[in-house]
Structures are given as structure tokens and as C-alpha cells.
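# Structural characterization, general
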Amino acid sequence: MRLVTARHAATFGIEFDPNCLEGIEALAAVIRLTRGNLRLVERLLAQMRRIMDLNTATEVTLEVVEAARDRLVIGPG
């Protein structure tokens, strides 16, 4: 699932840094929140991209993932 999520993220211009703890935590959060649902992965990644663009963020963090989850109707995380 990590490989699939990372490849989908690349289409949205998002890169999870495997050498950074924040990147690893963010990727784990995406996998945990979506539970393998690829449609939901795409929706979450698109929302993450919007949030990162609005805040001019360059790195994916757990806060970005949580903010994207809060904006989507996903359910309890």
C-alpha cells in the first residue's frame, strides 16, 4: 500500500520523504485513514495538495494530512 500511495501522490505533486520522520508519519496517516480505499486516497491527496498550495507548504506533514481529513467527510480517524 505504501508503494501505491506514493505513486498516486506523485501525480498530485506530493512527495513523502522516506528519510524524514514527518514524511513517514504523513504516509502512515494517509494509509491508516483511507484503509486501502484508492478512491479515498485520491480525494485525500487532492485536498492535501490544495492545502499545501494555499499555505505555500513544500513538505508533507501530519498536520497537512489531518487538515485534509477534517475538510473531507471520511469519518473518525
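Computed from a prediction, not measured in an experiment: that's the story for all the values here.

What follows is about the overall build of the chain. A tally of helices and strands in the chain yields four helices and zero strands. Ordered by position from N to C terminus, the α and β elements of the chain give α-α-α-α. Computed over the C-alpha atoms, the radius of gyration of the chain is 11 Å, within 12% of the 11 Å expected from 2.2 N^0.38 for a compact globule of 77 residues. With 77 residues in all, the chain has 36% of them scored as buried. Across the chain, the fraction of contacts at a sequence separation of at least 24, relative to all contacts at a separation of at least 6, is 63%. Total accessible area computed for the chain in this model is approximately 4,900 Å², and 52% of it derives from carbon and sulfur atoms. Of the side chains in the chain, 10 bear a positive and 10 a negative charge, and the two mean positions are spaced by 11 Å.

Along the chain, Glu-66 falls in helix H4 (residues 62-71). By relative accessible area, Glu-66 is classed as partly exposed at 36%. For the pair Glu-66 and Thr-34, spaced 32 residues apart in sequence, the C-alpha separation works out to 12 Å.

Let's shift gears to the confidence of the model for the chain. The predicted structure's coordinates, where accompanied by low pLDDT, should not be read in detail. Of the residues in the chain, 95% have a pLDDT of 70 or more, and the chain-wide mean is 89. Helix H1 (residues 2-11) is the least confidently modelled element of the chain, averaging 86 in pLDDT, while helix H3 (residues 38-54) averages 94, the highest of any element.

Basis of the calculations
- Residues numbered from 1 in each chain as written.
- Predicted model: local features only at pLDDT ≥ 70, side-chain atom pairs only at ≥ 80, totals over all residues.
- Heavy atoms only, no water.
- Helix = DSSP H or I, 4+ residues; strand = E, 2+ residues; numbered from the N terminus.
- Rg over C-alpha atoms; globule rule 2.2 N^0.38 Å.
- Buried < 20%, exposed > 50% of the residue type's maximum accessible area, 1.4 Å probe, protein only.
- Contact = heavy atoms within 4.5 Å.
- Areas by Shrake-Rupley, 256 points an atom, 1.4 Å probe, with all protein chains shown as cover.
- Lys, Arg positive; Asp, Glu negative; His and termini not counted.
- Charge placed at Lys NZ, Arg CZ, Asp CG, Glu CD.
- pLDDT = per-residue confidence, 0-100.

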